[in-house]
Amino acid sequence: MKKMSKWKRFTFLVVIVLGPSANPSQAQTAGQPDHPAVTVQGQTYTPRSILARNMGTAEDQTTPFPPHKIIGNIYYVGTRTLSSFLVVTPQGNILINSTYERNVPTIAKSVEQLGFRFSDIKILLGTHAHGDHQEGDALVKHMTGAQVMAMAEDVPALQAMKPGGKEHPIDKVLHDGEEVTLGGTTLVARLTAGHTRGCTTWTTKAQEGGRTYDVVIHCSLRSPNAPTPAVIAELNRTFERVRSLPCDVQLGDHPAQYNLQEKYAKLRQGGPNPFIDPASCLREADIQEAMFHALLAEQQKAGQP
Ligand SMILES: [Zn+2]
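No experiment lies behind these values; they were computed from the predicted model shown.

Enquirer: So what exactly am I meant to see when it comes to the state of the cysteines here?
Expert: All chains considered together, the criterion is met by two disulfides. The disulfide partner of Cys 199 is Cys 219, and the S-S distance across this bridge is 1.9 Å. Residues Cys 199 and Cys 219 are joined through a disulfide that is left-handed, its torsion about the S-S bond being -70 degrees. Here Cys 199, found in the loop between β11 (185-191) and β12 (200-208), pairs with Cys 219, found in the loop between β13 (211-218) and α9 (229-244); they are 20 residues apart in sequence, far enough to count as distant. What pairs with Cys 247 in a disulfide is Cys 281, and their sulfur atoms sit 2.0 Å apart. Between Cys 247 and Cys 281, the S-S dihedral sits near -75 degrees, and the bridge is therefore left-handed. Highlighted residues: Cys 247 in the loop between α9 and β14 (249-252) and Cys 281 in the loop between α10 (260-269) and α11 (283-303), separated in sequence by 34 residues.

Enquirer: Got a minute to help me understand the side chain of Asp 248 in this structure?
Expert: Mapped onto the secondary structure, Asp 248 falls in the loop between α9 and β14. Despite its burial, Asp 248 remains without a salt bridge, the nearest opposite charge being carried by Arg 211 at 5.5 Å. Within the structure, the side chain of Asp 248 is placed 2.8 Å from the backbone nitrogen of Asp 214, a separation counted as a polar contact. Asp 248 has contacts with Thr 212, Tyr 213, Asp 214, Phe 275, Ile 276, Asp 277, Pro 278 and Cys 281, leaving out every residue within four places of it along the chain.

Enquirer: Can you help me understand the coordination of the zinc ion in this one?
Expert: Coordination angles at a metal have ideal targets, namely 109.5 degrees for four tetrahedral donors and 90 or 180 degrees for six octahedral donors. Listed as protein donors to the zinc ion are His 128 (NE2), His 130 (ND1) and His 195 (NE2); their distances from the metal cover 2.1 to 2.2 Å. Each donor residue of the zinc ion lies on the same chain, and together they follow the pattern H-x1-H-x64-H. In this pair, His 128 is assigned in the loop between β7 (121-125) and α6 (131-134) and His 195 in the loop between β11 and β12, connecting sequence segments 67 residues apart. Looking at His 128, the relative accessible area reads 0%, which means it is buried. The exposure class of His 195 is buried, given its relative accessible area of 13%.

Enquirer: Sorry if this is basic, but what is going on with the sheet that holds strand β4 (residues 74-76) here?
Expert: Strand pairs in the sheet, formed through backbone hydrogen bonds, run parallel or antiparallel to each other. Spatial strand order, β3-β4-β5-β6-β7-β8-β9: seven strands in an open sheet with mixed pairing. The outermost strands of the open sheet, each flanked by one partner alone, are β3 (68-71) and β9 (172-174). Across the sheet, the axes of successive neighbouring strands diverge by a mean angle of 25 degrees, strand direction being ignored.

Cut-offs and rules
Residues numbered from 1 in each chain as written. Predicted model: local features only at pLDDT ≥ 70, side-chain atom pairs only at ≥ 80, totals over all residues. Heavy atoms only, no water. Disulfide = S-S within 2.5 Å. Helix = DSSP H or I, 4+ residues; strand = E, 2+ residues; numbered from the N terminus. Buried < 20%, exposed > 50% of the residue type's maximum accessible area, 1.4 Å probe, protein only. Lys, Arg positive; Asp, Glu negative; His and termini not counted. Salt bridge = Lys/Arg side-chain N within 4 Å of Asp/Glu carboxyl O. Polar contact = N/O pair within 3.5 Å; in protein donor to acceptor, adjacent residues only side chain to side chain. Contact = heavy atoms within 4.5 Å. Donors = N, O, S within 2.8 Å, 3.2 Å for Na, K, Ca; no water. Pairing = 2+ DSSP bridges. Axes fitted to C-alpha atoms, helices over the stretch in contact; angles between N-to-C directions.

In structure tokens form, the structure reads like this:
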């Protein structure tokens, strides 16, 4: 009897935590293993803690983070745990990551709060074909008429993403190294596969105070818990690649990947732009590469007779 009630309590808690509209990412958090553990710069991480850090609570995923200017013509318009970036140009704007479809009105509100028009979004880009980053693409396209561009290797996964039965719009297929230019701003699509086949890291340059800065918007570098040989090869290449990118400002598709909370608090205090922080550019790569190697070591150990 005691065991039964324990289970009931557990089920009740799971329902509370996940809510009625539990999505795969939240379910994934609950199912993530708490091993291996890696320590990077004094902080210990497990697959479970990394996903919890990335996703936060259901409320964190939908509550807007205060919209703000990051650097030059790049702004943050996402929620507490799902990044969405607006790049403003004289010929219209670029949005990176629509996130969940239910977040699109929130993103639109953040864009307007900054003094821009949501309808001025001409191009919609994404970091990778997972629902928490690109589920809202069809709705953004519907609301703005933006041209949707996607990395070729992520196209099949995007096409399978159909919120409410809507087709996922793809107007232009991009290839590694391709440039997306609007109103004098160029974003370069860099294939950093592993987390998804077409995971895309965006690089651009931003001007501030008479200087030019290299901005890197990372795709997630998180390895699957059981990487296949193909994914292992992709991630090996991706880490090497990410480490070779010139970087002054590192951003990521989850704010925790670049310590947004801490940097935003500094931004509010005034002083030098806290997002210009070359020293922290590889922090996320260090964490994810350490975890990747720990997962491989576990895999190897399990495979031994
Ligand atoms: Zn993902």
